[in-house]
Structures are given as structure tokens and as C-alpha cells.
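The chain contents come next:
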Amino acid sequence: MNCIIYPCSNDVIPFIDYINSSESELQIVKAVCPIICRSMIADDICCDVVTDFRASLDECDTVIICDYKRIRSMYNDIISKINLSLEFGKNVICCAELKDDDLKKAKGIADEKKLKFEYRQQWDYHEVKCYEKQESVIIGIGSLFSAVNTDKLFCNIIKKLNECGYKTVGIGTNSNNMLIDCYSLPDKIFTSVKRSDEKVLYLNDFINDVELRKCPDIIVLQFPRRNV
Amino acid sequence: MSNFAEEVLDGYTLDAYTLSQAVSVDYFILSIPVNVLAPDQLPEMDTQYKYKYNCPIDAFAISNSAVDTILAFDSGYVEITTVSNDYTSAYKEKCSDLEGYFICEFNENDQEALITDFIDKVSSDVEEL
């Protein structure tokens, strides 16, 4: 499937590299960014970087809307790009968080036009009974400062371990992880669950659930924000 | 640029602590900017991790980013700038005397070596059991 990704930033480059170098059914042919950001994109990106979203739609069948640190400042733009993509008959994979109304509307248009609208993994409250130790080997990746991005390290380690024949799954802090068949830690656990012991139980349950679904040999776990 | 004060309020590193309580980490990699810690401070960082998160550091990954430390202390902002890979190679060279840690850069060859170190470490842990 030929895809375009929007909005492209340096933060998303490790994921584009991973997708284009793996045997994923997705192939990113163009990364689209707002004109104002073009000069900031690193040169070592493995696909064309363009600024004309509308023209790029002609060259793809799927549009990936990736998550971006400052996504809230361009929320309306993101919504208009999703609507435009659906209007032109393109499938949409959305890693950015949408308001309930906008999500419902986008899903409605996609259903109506028989298009695929894939939304980021969601997590809902449910009863958690007990703490269980994981059976997979766990590699933790932390960062001294949250500004030091560990996504590249995260993607490369998963790729190398898979190449070595270990079934590896990643759980990271970035919503774009779903693009590389990995999971992102649900922010809701950190922000909405009040008691610390409950947070630990929910996180433990989330990781065990991923383990149960994927049966990996190794879990690569990216620690949130800064550690020290 | 991120506000240092907001970062501190952003959980006081509790999110990382909470996660560390939910799992048992077998191999831990800490990513560090190139100019913040002197090589002889790395074992101290390992001690902090042992006591704080109950997961000792096995490897340090040197990022080709540098923090403007003067600005950070003066204004409360942490600004990261990208530096040449020569700086990370020089820092790695300085760390060559450190024993017990794997030191790597963010490049392809080093990451293959990192995987080898991880497999050796986990295999020896299994043998000990």
C-alpha cells in the first residue's frame, strides 16, 4: 500500500525508516509537512518530503496521520486533512488523538464511502485482579532528559532483534508506535488513575495483555519522560 | 525547547518510577546527551537507578545531542542541540576504561554490538539460575 504521512517532523523519521526498510505492507512514498517546517526536516529521511498535501493524495491509497508533539496547535488542520483524504477516497490511519465528535464523524464518512479508518489504540478502564510477572525478557530504554529522543534507538533495537530471529514487540511512549506494529503506553493510566498502586496494576495488566496477544520472546519497553 | 520547571512538575519522574514497579527489567539502556555527565559519573547514575527503579544500568547510549547547561541553569529551559558524531565518538573513547557497562552510539554497528551484549548478559543470567 502506497502511503503518505502527515505532518512530517524529525520525530517521525525513525518510524518512516523502520516501515520502509521492513517487509511491512505499508510503504511510505511521500512525507508531507507544512511549508514553514520544510527547512527543519533532516536530510537523511528515506522518502521525498513535500509540502503540497492535495497533490500527494494522487500518489497514494492510504494517508497516515501521525502524532506530533505540538499536534494541538494544528488540530483544525489535521481534521481538514483527514476529511480531504476521505473525500478523495483514501484510507486513513490516524495515530493522533481526536476529539470524540471528530472521530465519530470521520468514522461515519469512512463507513459511508466503504473506506478503512484505523484509529490509534485505545485503552479503557476494566477490572484488574492481580499483579503478574511477565515471562518475556524485558529491555528497558530510559532517557536522562525527555528532550533526548529515544525513538530511533527503540525502533533500531526492535528491528535488529527481529532480524536476529527473536520475536520482539515494543511498548513505547509515542502514539506512532502503532505504525510499526507496536504499542504505546496509555497516557490515561498516568493522567486519570489516581492511586499509585492502581496505576502499577493497570500498567502491569497492559503489558501482560500485550504479552498474551503477541507471545513475544522479548519486550522492548520505552520509559516515559525523563527518568532522573 | 521545553520548560524545565514544567518538566519537574510533569510527574517528578513518578511515571517512570510507576512503570518500573509494573515490570521486572532484565536489561536497561540509558540514553544520555553527550555533554552532561563526565564518564566517571556514569557508575553513580547506575547506583541511582539501582536504588530508585530497582533496575541497574547495563548500557549507556550516547545521543548526538547536547544540552545547553548554562542556559538550563540560568533560565530554567533545557535546549537540545544536535552535535557532530565526532563528539559522541570522542566521549565513547573517554568511557573505554569503565568496566561493567556497554557504551554505544546511536549508529548501526554499535547497535548490533549492543544486541550481542544484551544476548550475552541475558544468557549468562539464565545459566546462573
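Residues numbered from 1 in each chain as written. Chains lettered and ligands numbered in written order. Predicted model: local features only at pLDDT ≥ 70, side-chain atom pairs only at ≥ 80, totals over all residues. Heavy atoms only, no water.

Here the focus is the interface of chain B and chain A. Taken together, the 45 residues of chain B in the interface contact 44 residues of chain A. At the boundary of chain B with chain A, total buried surface from both sides reaches about 3,800 Å², with 68% on carbon and sulfur atoms. In this assembly, chain B and chain A are joined by 1 salt bridge. Between glutamate 112 of chain B and lysine 160 of chain A there is a salt bridge, with the nearest N and O atoms lying 3.4 Å from each other. Linking chain B with chain A are 13 residue pairs in polar contact (both at pLDDT 80 or more), by the criterion used here. Going through the elements one at a time, helix H1 (4-9), helix H2 (14-22), strand S2 (27-33), helix H3 (42-53), strand S3 (59-63), strand S4 (65-67) and helix H6 (108-128) of chain B are the ones with two or more residues in the side of chain B that touches chain A. With 8 residues, H6 of chain B is the single largest residue contributor to the side of chain B that touches chain A. (Contact = heavy atoms within 4.5 Å. Buried area = accessible area lost by both parts, 1.4 Å probe. Salt bridge = Lys/Arg side-chain N within 4 Å of Asp/Glu carboxyl O. Polar contact = N/O pair within 3.5 Å; in protein donor to acceptor, adjacent residues only side chain to side chain. Helix = DSSP H or I, 4+ residues; strand = E, 2+ residues; numbered from the N terminus.)

Another aspect to go through is the pattern of salt bridges. By the definition in use, this model includes 11 salt bridges over all chains. With its nearest N and O atoms 4.0 Å apart, the salt bridge here joins lysine 116 of chain A to glutamate 118 of chain A.

Moving on, we get to the domain arrangement of chain A. Residue and element names in this part refer to chain A. As far as domains go, chain A holds domain 1 (2-119) and domain 2 (137-227). Put simply, the middle of domain 1 and the middle of domain 2, counted by C-alpha atoms, are 23 Å apart. Here domain 1 packs against domain 2, burying approximately 1,300 Å² in sum over the two surfaces, 68% of which is carbon and sulfur. If you sort the residues of domain 1 by the area they bury against domain 2, Phe15, Tyr18 and Cys95 come out on top, with a joint share of 50%. (Domains from an automatic or database assignment.)

Residue and element names in this part refer to chain B. The full count for this structure, using the stated rule, is 6 aromatic pairs over all chains. Ring geometry for phenylalanine 28 versus tyrosine 49: centroids 5.2 Å apart, planes at 40°, classification tilted. In this pair, phenylalanine 28 is assigned in strand S2 and tyrosine 49 in helix H3, connecting sequence segments 21 residues apart. Residue phenylalanine 28 is classed as buried on the basis of its relative accessible area of 1%. (Phe/Tyr/Trp six-rings, centres within 6.5 Å; stacked < 30°, edge-to-face > 60°. Buried < 20%, exposed > 50% of the residue type's maximum accessible area, 1.4 Å probe, protein only.)

All names here are of chain A. The parallel open sheet is built from 6 strands, whose spatial order is S3-S2-S1-S4-S5-S6. Unpaired on one side and paired on the other, strand S3 (48-50) and strand S6 (117-119) mark the two borders of the sheet. If you compare each strand with its neighbour and ignore which way they point, the axes differ by 25° on average. Of the pairings in the sheet, the one linking strand S1 (residues 2-6) to strand S2 (residues 27-32) comprises 4 bridges and is parallel in character. Bridged to isoleucine 4 within S2 is lysine 30. Most of the contacts of helix H1 (residues 13-21) go to S2, to which it runs at about 155°, and overall it touches S1 and S2. (Pairing = 2+ DSSP bridges. Axes fitted to C-alpha atoms, helices over the stretch in contact; angles between N-to-C directions.)

For residues other than glycine, phi is negative in most cases, and the peptide bonds are mostly trans. Here tyrosine 6 of chain A and proline 7 of chain A are connected by a cis peptide whose omega angle stands at -10°. Look at cysteine 215 of chain A: it is not a glycine, yet its phi comes out positive at around 45°. Relative to the assigned elements, cysteine 215 of chain A resides in the loop between helix H7 (196-214) and strand S10 (218-222). With relative accessibility at 52%, the residue cysteine 215 of chain A sits in the exposed group. Residues other than glycine seldom take positive phi values, yet asparagine 54 of chain B does so here, at roughly 60°. Considering the arrangement of structural elements, one finds asparagine 54 of chain B in the loop between H3 and S3.

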